[in-house]
Amino acid sequence: MSEFILFAHRGASGYEPENTLSAFDLALAMGARWIELDVYAVDGELVVIHDDRLERTTNGTGFVMDKGLSYLRSLDAGKGQKIPLLREVFDLVSDRAGINIELKGSGTAAPASALIAAAITARRMTAEQLIVSSFNHKELLCFKAIHPEIRIGALVSGVPRRSARFAEKMEAYAVHAGMNIVNRRFVADAHHRGLKFFVYTVNTGEDLKRMQDMGVDGAFTNYPDLFSY
Ligand code: G3P
Ligand code: MG
């Protein structure tokens, strides 16, 4: 059986402000082998933030994609942290953990491709170290067309009528789904099609056991220290 994967969801976001360098740093210190983060494209850079608006996690206001990079970088994303750039996370993590990059905004596939290509060429990172995921399957396919060697994860918010068929058609590596929609049949269908199944957001041992009993291959957690590696 292959190894169960635990992703530190938005870093060790149960302890440090989500999607900040301190959250990723702590996740690594806790022994996380994979981290997950969310990106939007702004002024040709990828900024690491979850919401499309700034209010919940920063002292800014408005939509992320309506702003310029200098404004976004002037904000406090919690405990004095800046909204990180994806390139800064690459520098921090280097070869120490895998990174699941979730493409949130439109227009993220091209800058993500360029940044990943540069990191791989410079031998700072490898294709095996990365999984690119998105609810936006158009953006994901756009990314895959440029980087067929990098694994993609197809996120879904509900169980599709034909289960995991959509992900197989996309030649995805995995289906990523919320804990509330996971069921044995969906997981088994993904496996039957040669896909992995990863579930979010699992923050208790009880939920982890329930998900593992359903056969999932990995889970996203805000508390990467709660589970052993
Ligand atoms: O990538 C898994 C999970 O992060 C997807 O949902 O809303 O937390 O980005 P969300
Ligand atoms: Mg995410």
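Attention in this report is confined to the structure presented alongside it.

Brief notes about the overall build of the protein
At step 1: Helix and strand counts for the protein come out as 8 helices and 9 strands.
At step 2: A compact globule built from 229 residues would reach a C-alpha radius of gyration of about 17 Å, and the protein, at 17 Å, matches this within 12%.
At step 3: Principal-axis analysis of the C-alpha atoms gives the protein an extent of 45 × 35 × 35 Å.
At step 4: In the protein, which comprises 229 residues, the share counted as buried stands at 55%.
At step 5: Excluding contacts between residues fewer than 6 apart, the proportion of contacts in the protein whose partners are at least 24 apart in sequence is 56%.
At step 6: Roughly 10,200 Å² of accessible area belongs to the protein as shown, and the carbon and sulfur atoms make up 50% of that amount.
At step 7: For the protein, the separation between the mean place of its 26 positive charges and that of its 28 negative charges on side chains is 6 Å.

Some words on the pairing of strand E8 (residues 196–200)
At step 1: Relative to E8, strand E7 (residues 174–178) runs parallel, the two being bridged by 5 bridges. Along E8, the bridge assignment pairs His-176 with Phe-198.
At step 2: As a crossover connection, the stretch from E7 through helix H7 (residues 184–192) into E8 is right-handed.
At step 3: In this structure, E8 lies alongside strand E9 (residues 218–221), joined through 2 bridges in parallel fashion. Residue pairing for E9: Val-199 is matched across the bridge by Ala-219.
At step 4: Taken together, E8, helix H8 (residues 205–213) and E9 constitute a β-α-β crossover, and its handedness is right-handed.

Considerations on helix H4 (residues 109–121)
At step 1: Its 13 residues give H4 an end-to-end C-alpha distance of 18 Å, which sits within 8% of 18 Å, the value for a rise of 1.5 Å per residue.
At step 2: Turning to H4, its buried residues number three or more, namely Ala-109, Pro-111, Ala-112, Ser-113, Leu-115, Ile-116 and Ala-119.
At step 3: Immediately beyond the C-terminal end of H4, within one or two residues, lies Arg-123, with a positive phi of roughly 60°.

Digging into the coordination of the magnesium ion (ligand 2)
At step 1: Coordination of the magnesium ion (ligand 2) by the protein is provided by Glu-36 (OE), Asp-38 (OD) and Glu-102 (OE), with metal-donor distances spanning 2.0 to 2.1 Å.
At step 2: Donor residues for the magnesium ion (ligand 2) sit on one chain with the sequence pattern E-x1-D-x63-E. Separated by 64 residues along the polypeptide, Asp-38 in strand E2 (residues 34–42) and Glu-102 in strand E4 (residues 98–103) bring together distant segments of the chain. The residues Asp-38 and Glu-102 share a single accessibility class, namely buried.

Remarks on the site of ligand 1
At step 1: Ligand 1 sits among His-9, Arg-10, Glu-36, Asp-38, His-50, Glu-102, Lys-104, Leu-155 and Tyr-200.
At step 2: Between ligand 1 and Arg-10, the relevant distance is 2.8 Å, taken from an oxygen atom to a side-chain nitrogen or oxygen of the residue.
At step 3: Contact between ligand 1 and Asp-38: an oxygen atom at 3.1 Å from a side-chain N or O atom of the residue.
At step 4: Residue classes in the shell around ligand 1 are distributed as 2 nonpolar, 2 polar and 5 charged.

A few points about a positive patch on the surface
At step 1: Among the surface-exposed residues, Arg-161, Arg-162, Arg-165 and Lys-169 lie close enough to one another that they form a single positively charged patch.
At step 2: Examined against the element boundaries, Arg-165 turns out to sit in helix H6 (residues 165–169).

A few points about the packing of H4 against helix H5 (residues 137–146)
At step 1: Two numbers describe how H4 lies on H5: the axes approach to 9 Å, and their chain directions differ by 35°. Handedness of the H4/H5 crossing: right-handed. From H4, Ala-109, Ala-112, Ser-113 and Ile-116 reach across to H5, where they touch Glu-139, Cys-142, Phe-143 and Ile-146.
At step 2: Residue composition of the contact of H4 with H5, by class: 6 nonpolar, 1 polar and 1 charged.

Parameters at a glance
- Residues numbered from 1 in each chain as written.
- Chains lettered and ligands numbered in written order.
- Predicted model: local features only at pLDDT ≥ 70, side-chain atom pairs only at ≥ 80, totals over all residues.
- Heavy atoms only, no water.
- Helix = DSSP H or I, 4+ residues; strand = E, 2+ residues; numbered from the N terminus.
- Rg over C-alpha atoms; globule rule 2.2 N^0.38 Å.
- Buried < 20%, exposed > 50% of the residue type's maximum accessible area, 1.4 Å probe, protein only.
- Contact = heavy atoms within 4.5 Å.
- Areas by Shrake-Rupley, 256 points an atom, 1.4 Å probe, with all protein chains shown as cover.
- Lys, Arg positive; Asp, Glu negative; His and termini not counted.
- Charge placed at Lys NZ, Arg CZ, Asp CG, Glu CD.
- Pairing = 2+ DSSP bridges.
- Right-handed = clockwise from strand over helix to strand, strands pointing away.
- Expected span 1.5 Å × (residues − 1).
- Donors = N, O, S within 2.8 Å, 3.2 Å for Na, K, Ca; no water.
- Near = heavy atom within 4 Å.
- Polar contact = N/O pair within 3.5 Å; in protein donor to acceptor, adjacent residues only side chain to side chain.
- Nonpolar A, V, L, I, M, F, W, Y, C, P; charged D, E, K, R; others polar.
- Patch = residues over 30% accessible without salt bridge, like charges linked within 9 Å, V, L, I, M, F, W, Y side chains within 5 Å.
- Salt bridge = Lys/Arg side-chain N within 4 Å of Asp/Glu carboxyl O.
- Axes fitted to C-alpha atoms, helices over the stretch in contact; angles between N-to-C directions.
- Left-handed = near helix turned anticlockwise from the far one by under 90°.

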